[in-house]
Amino acid sequence: MTRSFLFLIVLVGAVFVGLNSVFIVDEREKVLVLQFGRVDAIKEEPGLAFKLPFIQNLARYDDRTLSRDLDPIEVTPLDDRRLVVDAFARYRIADVNQFRQATGAEGDQAIAVAGRRLDSILRSQTREILGSVASNDILSTDRAALMLRIRTGAIQDARSLGLEVIDVRLKRTDLPRENLDATFARMRAEREREATDERARGQEAAQRIRAQADRTVVELVSDANRQSEIIRGEADATRNAVFAEAYGADQEFFEFYRSLAAYRAALQESNSTMVMSPDSEFFNYLKSDQGAK
């Protein structure tokens, strides 16, 4: 009974020691094997690994690509046109031992400490690089080269943290709110000025067209009047020629015909009262049956 109990104790102890000697390295992490607070080994390959039980302990760090969003940064380019830049970076832990020494922490706490220090590096590099160019360069397609310069500068500074900066991107570049309002007001004023110029040019063109139309109307009416006067003159000449021919053929009949026409025009229902001398030549054909004077 005693021997079996001792065997059981030894077996449990062996299992316990074995479990404390074996650990698994996940493919998404790096593991530091620490002995009395000092790094004894670095495990980066995924799989089973061993350590001294009770003497050595583990510190695990994320080996994946991490991202860091920066708070909006206000920069002042060479043309003193202030801009608000929103950026983010992707990075990974390259030297886990140096990373531990730089942060003095483990796990998520170490990531948070390193993230804050990396934010400071990225803000400094962003202000330095973007402050050396004009705002139009930042807003143009040249921004890709600027992001590469920020990344290159951040890589050098991040090595002291054991980090490798993979990429830096500018997500958004805006004007500050007060500058944005002033810019919108300036744009509105510019568009209103352009609209006023367009209206003025339109009114000028309309006046020019109306003047041309009025001139054309005057010319057409004048030409029409001229042609009508010519036609009227020719008609009067033809009529006079007809009258002259009729007068030459039979003078007495012509005078009789003209008198009848005068009677028809004068003696109408609306104008039947006439005050004239009875001896007037107008009544010559009313006095005689033969129409003689």
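Here, the structure is the one placed above.
Residues numbered from 1 in each chain as written. Predicted model: local features only at pLDDT ≥ 70, side-chain atom pairs only at ≥ 80, totals over all residues. Heavy atoms only, no water.

(A) Local environment of the nonpolar core. Among the nonpolar cores identified, the biggest contains 38 residues, and Tyr61, Phe99, Leu130 and Leu163 are the most heavily contacted of them. Elements with a contribution of two residues or more to this core: strand 2 (29-35), strand 5 (56-62), strand 7 (73-75), strand 8 (83-93), helix 2 (96-103), helix 3 (107-130), helix 5 (143-158) and strand 9 (163-174). Tallying contributions element by element places helix 3 first for this core, with eight residues. If we skip the residues at most four places from it in the chain, Leu163 touches Tyr91, Arg92, Ile93, Ala94, Phe99, Ala114, Leu118 and Ala158. Listed in part, the five residues of the second largest apolar core include Val25, Val31, Val33 and Ala49. (Core = buried A, V, L, I, M, F, W, Y, C linked by side-chain atoms within 4.5 Å. Buried < 20%, exposed > 50% of the residue type's maximum accessible area, 1.4 Å probe, protein only. Helix = DSSP H or I, 4+ residues; strand = E, 2+ residues; numbered from the N terminus. Contact = heavy atoms within 4.5 Å.)

(B) Structural view of the pattern of salt bridges. Throughout the structure, instances matching the rule amount to 20 salt bridges. In this structure, Glu29 and Arg60 form a salt bridge, with 2.4 Å as the shortest nitrogen-oxygen distance. One end of the pair, Glu29, is in strand 2; the other, Arg60, is in strand 5, with 31 residues separating them in the sequence. Accessibility expressed as a relative area gives 33% for Arg60, which makes it partly exposed. A salt bridge links Arg64 to Asp62; the shortest N-O distance between them is 2.8 Å. (Salt bridge = Lys/Arg side-chain N within 4 Å of Asp/Glu carboxyl O.)

(C) Spatial organisation of a negative patch on the surface. On the surface, Asp79, Asp80, Asp137 and Asp142 cluster together into a negatively charged patch. Taking the relative accessible area as the measure of exposure, Asp137 reaches 30% and is therefore partly exposed. (Patch = residues over 30% accessible without salt bridge, like charges linked within 9 Å, V, L, I, M, F, W, Y side chains within 5 Å. Areas by Shrake-Rupley, 256 points an atom, 1.4 Å probe, with all protein chains shown as cover. Lys, Arg positive; Asp, Glu negative; His and termini not counted. Charge placed at Lys NZ, Arg CZ, Asp CG, Glu CD.)

(D) Just a nonpolar patch on the surface, in detail. A cluster of nonpolar residues, Val22, Ile24, Leu48 and Phe50, forms a patch on the protein surface that exposes about 430 Å² of accessible area. Sorting the residues of the nonpolar patch by element identifies strand 1 (22-25) and strand 4 (47-50) as the ones contributing at least two each. Among the secondary structure elements, Val22 is positioned in strand 1.

(E) Region of the structure containing the packing of helix 3 against helix 5. In the contact formed by helix 3 and helix 5, the axes pass within 9 Å of each other and the chain directions differ by 140 degrees. Taken together, the axes of helix 3 and helix 5 lie oblique to each other. Considering the relative orientation of helix 3 and helix 5, their crossing is right-handed. Along the contact surface, helix 3 presents Leu118, Ile121, Leu122, Gln125, Thr126, Ile129 and Leu130, while helix 5 presents Leu146, Arg149, Ile150, Gly153, Ala154, Asp157 and Ala158. Residue composition of the contact of helix 3 with helix 5, by class: nine nonpolar, three polar and two charged. (Axes fitted to C-alpha atoms, helices over the stretch in contact; angles between N-to-C directions. Parallel < 35°, antiparallel > 145°, perpendicular 65-115°, else oblique. Left-handed = near helix turned anticlockwise from the far one by under 90°. Nonpolar A, V, L, I, M, F, W, Y, C, P; charged D, E, K, R; others polar.)

(F) Molecular detail of the side chain of Thr126. Tracing the backbone through its elements, the reader meets Thr126 in helix 3. Judged by its relative accessible area of 1%, Thr126 falls in the buried class. Those residues in contact with Thr126 that sit more than four places away from it in its chain are Ile73, Val75, Val85, Gly131 and Ile150.

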